[in-house]
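# Secondary and tertiary structure notes
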Amino acid sequence: MTTEKDTLDIWNTYGTHQITRGLQLPELDRWDWGIPETGPGISVLGEVAGLRVLDLGSGLGRHAAHLAALGAEVTAVDASPSQHQRALTRYPDHPGLNLVCADAVAHLRAADPYDLIYSVGSVPYLDPGRLVPALANGLKPGGRLVFSALHTNSGGAGPSNEVTPRPEILRLPGTTEDHPVNMWVLSVQLWEDLLVQHGLTLETVTAIDSPTADNAVSYRLYTARGPERVPSTPAPARLLRRTPPSESA
């Protein structure tokens, strides 16, 4: 069985491959959450100007750079050194963008909390038992979490009903080699249970399906919110004077 480290090694190999071939991708003209030309796009994030934002599994950094250009203060975290290097080369000094090479959970434990955390397809590569508590703790009171996750693979296998990883085939863009990896492909109910268990409220789930009938692959886009956690203010103590019966009028 592959581990998170094995998956990281695969993404690192991919990043090195893309550096070697000198691939140059254009800036985003549309925001997709897993399947091109489908889904709600960037609108699901709402207004981001002035927000402290985390991109989890940022890769080349195009999504993060796009939000930074809209006025957000974006930290883009990727655990792969080669993917991080690609982002640094592309965005050496992009205003509002901070590129970090780190494990997502380790970063969330060390960083100040965020107004918004989002991830385009990266969440299922990490153990949710490790990741979801860190995501919940990494949000400011009332902060939002938005992520897309594989729901049905291209072979038609739907989500699992247990919080366990399962084998999937990862074919990286620009390559022809298939890589076996383990992913947490979970049902909507399991994702909700995990979020609620750690104090988050699931607000919406959006189906993102392939536009072609011969492709079974689908994703689900989850939006959740952390508790407001407004501290309660104790009422002022009142000094009560009880009148003895003998003093009553």
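Here, the structure is the one placed above.
About the criteria used
- Residues numbered from 1 in each chain as written.
- Predicted model: local features only at pLDDT ≥ 70, side-chain atom pairs only at ≥ 80, totals over all residues.
- Heavy atoms only, no water.
- Pairing = 2+ DSSP bridges.
- Helix = DSSP H or I, 4+ residues; strand = E, 2+ residues; numbered from the N terminus.
- Axes fitted to C-alpha atoms, helices over the stretch in contact; angles between N-to-C directions.
- Buried < 20%, exposed > 50% of the residue type's maximum accessible area, 1.4 Å probe, protein only.
- Contact = heavy atoms within 4.5 Å.
- Core = buried A, V, L, I, M, F, W, Y, C linked by side-chain atoms within 4.5 Å.
- Parallel < 35°, antiparallel > 145°, perpendicular 65-115°, else oblique.
- Nonpolar A, V, L, I, M, F, W, Y, C, P; charged D, E, K, R; others polar.
- Salt bridge = Lys/Arg side-chain N within 4 Å of Asp/Glu carboxyl O.

Turning our attention to the sheet that holds strand β9 (residues 218-225). The strands making up a sheet associate through hydrogen bonds between their backbones, and the pairing can be parallel or antiparallel. Here seven strands make up an open sheet; going across it, the order is β3-β2-β1-β4-β5-β9-β8 and the pairing mixed. At either margin of the open sheet sits one strand with a lone partner, and together these are β3 (97-101) and β8 (201-209). On average, adjacent strands in this sheet sit at an angle of 15 degrees to one another, irrespective of strand direction. The pairing of strand β2 (residues 73-78) with β3 spans five bridges and is parallel. Looking at β3, one finds that Val-74 is bridged to Leu-97.

Helical geometry: 3.6 residues make up each α-helical turn, so side chains three or four residues apart lie on a common side. By the burial criterion, the buried members of helix α3 (residues 81-90) are Ser-82, Gln-83, His-84, Arg-86 and Ala-87. Tucked inside the fold, the buried residues of α3 contact α1 (4-21), β2 and β3.

This next bit is on the nonpolar core. Among the nonpolar cores identified, the biggest contains 35 residues, and Trp-33, Leu-45, Leu-67, Val-74, Leu-97, Tyr-118 and Val-146 are the most heavily contacted of them. At the level of elements, α1, α2 (62-69), β2, β3, β4 (114-120), β5 (139-152), β7 (178-183) and β9 are the ones that each hand at least two residues to this core. At four residues, α2 tops the list of elements feeding residues into this core. When neighbours within four sequence positions are excluded, Leu-67 is seen to be in contact with Trp-31, Ile-42, Leu-45, Val-48, Val-53, Ala-72, Val-74 and Tyr-118. Judged by nonpolar contacts, the second largest core, of 30 residues, contains Val-77, Ile-117, Ala-149 and Tyr-222.

For the pair α1 and α3, interaxial distance at closest approach is 6 Å and the crossing angle is 40 degrees. Classified by the interaxial angle, the pair formed by α1 and α3 is oblique. Together, Trp-11, Asn-12, Tyr-14, Gly-15, Thr-16, Gln-18 and Ile-19 of α1 and Pro-81, Ser-82, Gln-83, Gln-85 and Arg-86 of α3 make up the contact between the two elements. Of the residues in the contact of α1 with α3, the class split is four nonpolar, seven polar and one charged.

The next thing to look at is the pattern of salt bridges. Applying the stated criterion to the full structure yields nine salt bridges. Glu-203 is the salt-bridge partner of Arg-225, the closest N and O atoms lying 3.0 Å from each other. Here Glu-203 lies in strand β8 and Arg-225 lies in strand β9, a separation of 22 residues in the sequence. In this structure Arg-225 comes out as partly exposed when scored by relative accessible area, which is 28%. The salt bridge involving Arg-220 is made with Asp-209; its shortest N-O contact spans 3.6 Å. Of this pair, Arg-220 sits in strand β9 while Asp-209 sits in strand β8; the two residues are eleven residues apart in sequence, bridging distant segments of the chain.

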